[in-house]
Amino acid sequence: MPMANPITIILIVSLMFSLFNRSLAINRVTYNVLDLGAKGDGKTDSTTAFLKAWSAACGSPGPATVYAPPGRYLVKNAHFKGLCENKAIIIKIDGTLVAPSDYDVIGNAGNWLLFEGADGVSIEGGILDGQGTGLWACKSTGKSCHSGATTLGVSNSKDVAVNGLTLLNSQMFHIVINGCDNVELQGVKVLAPGNSPNTDGIHVQLSTGVTILNSKISTGDDCISIGPGTSNLWIENVACGPGHGISIGSLGKDFKEVGVEKVTVKAVTFKNTQNGLRIKTWARQSTGFVRDVLFQHAIMTNVQNPIVIDQNYCPNNKNCPGQISGVKISDVTYKDIHGTSATEVAVKFDCSKANPCRGIRLEDVNLTYKNQAAKASCANAAGTTSGVIQPTSCL
Ligand SMILES: *[C@@H]1O[C@H](CO)[C@@H](O)[C@H](O)[C@H]1NC(C)=O
């Protein structure tokens, strides 16, 4: 064999070195909750095992996975806290996490499962069963009960992904995204009865760059609710019903409040819901606003209020001095919205006397009521129309 020349040797050595480096980078460690004391029998408290797996993954200098194999894991309220040593943690769930059947255990905790400072975390698959029925029953008796826990909270985190997660029967909201930047929720399923109280599907607030795709939400309150301080929100291909629709609001409860802007809601369907596309503000003074919103390609089936802006929200007519909303609503477009209304008034713009809605645009809207033209009603709303508009515009 001829002597390799020095340049060939240098090339081979540097190639081996770079392959070695790459294998270090993709060398992901996995922490299986079963190895840390969890049991998938639905009875053994596995909270500590999940927290241990999280701590190990969070302390790992390289990519790490928390893995829950098939099984039912009883988990009490748990706080998965960052910041972590790496920004590539995967929570891979092939089983079901079950909340305690005694609803008081987590009812006062705010969140059942809370991720905070969890930059770069992805949650993949799994079922989260909030076991909310007991608490809802308590609430319906009028007795004093805990307000209930959000099933999955994600707070003050960047670059988070949630993929293929199913959430059942949350005590309160199913998912809350709060104070986050760049979150992608995909293939999320929410399932709770149409009469379950305060069980919003996904709530977003004080967050930018949130994307919600290809999801199906059936619940007792808003399918998606959009709170103060939301910007650059993208919602696409979401099926809602039963539920209260997709709602920007309620806004303007507080005087000093950050606004909502750059919201796109695309290719959504509503079936037997209370509302379709809603903007809702308290009849109170506020610095808040809603601007640059696009609602496009929506199909309504038997929806009570398909298109609605309500700036006169004041439950029990309490705490709304002067009854005028300070929230300024502008540049809201409704484009290609079709289907059936369950009530005669299919389009309702009930805007603030002091701050009329501006720049409302309707384009190709066709909503019918009992196979006939529905009605539109406007107060303090200005804007333009183009294309087919049914019911006849009142702008
Ligand atoms: C609106 O939709 C209904 C039901 O699909 C249809 O019969 C009607 O022709 C449409 N109206 C217009 C103006 O396109």
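Everything quoted here is computed from the prediction, not taken from an experiment.

Draft legend 1. Representation of empty space enclosed by the protein in the model. Enumeration over the complete set of coordinates arrives at one cavity of 30 Å³ or more. The calculated volume of the largest cavity comes to roughly 120 Å³. In terms of lining, the largest cavity is formed by Phe50, Trp54, Val66, Phe80, Ile91, Ile93, Leu97, Leu113, Phe115, Ile123, Leu128 and Leu152. Counted by class, the lining of the largest cavity contains twelve nonpolar, no polar and no charged residues.

Draft legend 2. Spatial organisation of the state of the cysteines. One pass over the structure, following the stated rule, counts six disulfides. With a sulfur-sulfur separation of 2.1 Å, Cys138 is cross-linked through a disulfide to Cys145. Residues Cys138 and Cys145 are joined through a disulfide that is left-handed, its torsion about the S-S bond being -100°. Exposure remark for Cys138: the relative accessible area of 9% places this residue in the buried category. Each disulfide pairs two cysteine sulfurs, and for Cys378 the partner residue is Cys394, the sulfurs being separated by 2.0 Å. Between Cys378 and Cys394 the disulfide shows an S-S torsion of about 75°. By sign, it is right-handed.

Draft legend 3. Seen up close, the packing of aromatic side chains. Throughout the structure, instances matching the rule amount to seven aromatic pairs. For the pair Tyr334 and Phe349, a centre-to-centre distance of 5.7 Å together with 50° between the ring planes defines the contact as tilted. Of this pair, Tyr334 sits in strand 26 (residues 328-341) while Phe349 is found in strand 27 (residues 345-350), placing the two residues 15 residues apart along the sequence. Phe349 sits in the buried class, given a relative accessible area of 1%.

Draft legend 4. Seen up close, the environment of Asn305. For Asn305, the position within the fold is in strand 25 (residues 305-313). Between the alpha carbons of Asn305 and Lys348 there is a distance of 7.8 Å; along the sequence they are 43 residues apart. In this structure Asn305 touches Gln274, Asn275 and Gly276, once residues within four positions along its chain are discounted.

Draft legend 5. Structural context of the site of the ligand. Near the ligand the following residues occur: Asn366, Val388 and Gln390. Interatomic distance of 2.3 Å between a side-chain N/O atom of Asn366 and an oxygen atom of the ligand. One of the side-chain N or O atoms of Gln390 is found 3.4 Å from a nitrogen atom in the ligand. Taken by itself the ligand offers 360 Å² of open surface, and the protein chains cover 33% of this.

Draft legend 6. Geometry of the environment of Leu168. In this structure, Leu168 sits in strand 13 (residues 166-168). With relative accessibility at 22%, the residue Leu168 sits in the partly exposed group. A C-alpha to C-alpha distance of 27 Å links Leu168 and Val263, two positions 95 residues apart in sequence. With residues up to four places along the chain from it excluded, the contact list for Leu168 reads Ile127, Leu128, Asp129, Gly130, Gln131, His174 and Leu191.

Draft legend 7. Geometry of unusual backbone geometry. A cis amide bond, omega -5°, links Gly82 with the succeeding residue Leu83. Within the secondary structure, Leu83 is located in the loop between strand 5 (78-81) and strand 6 (89-93). Within the chain, Asp159 stands out as a residue other than glycine whose phi angle is a positive 55°. Relative to the elements of secondary structure, Asp159 occurs in strand 12 (residues 158-163). At Asn380, a residue that is not glycine, the phi angle is positive and equals roughly 60°.

Each value, and the rule that gives it
Residues numbered from 1 in each chain as written. Predicted model: local features only at pLDDT ≥ 70, side-chain atom pairs only at ≥ 80, totals over all residues. Heavy atoms only, no water. 1 Å grid on protein atoms, 1.4 Å probe; cavity = no way out; pocket = protein on both sides within 12 Å on 5 of 7 lines; lining within 4 Å. Points joined across faces, edges and corners; volume = space filled by probe spheres on them. Nonpolar A, V, L, I, M, F, W, Y, C, P; charged D, E, K, R; others polar. Disulfide = S-S within 2.5 Å. Buried < 20%, exposed > 50% of the residue type's maximum accessible area, 1.4 Å probe, protein only. Phe/Tyr/Trp six-rings, centres within 6.5 Å; stacked < 30°, edge-to-face > 60°. Helix = DSSP H or I, 4+ residues; strand = E, 2+ residues; numbered from the N terminus. Contact = heavy atoms within 4.5 Å. Near = heavy atom within 4 Å. Polar contact = N/O pair within 3.5 Å; in protein donor to acceptor, adjacent residues only side chain to side chain. Areas by Shrake-Rupley, 256 points an atom, 1.4 Å probe, with all protein chains shown as cover.

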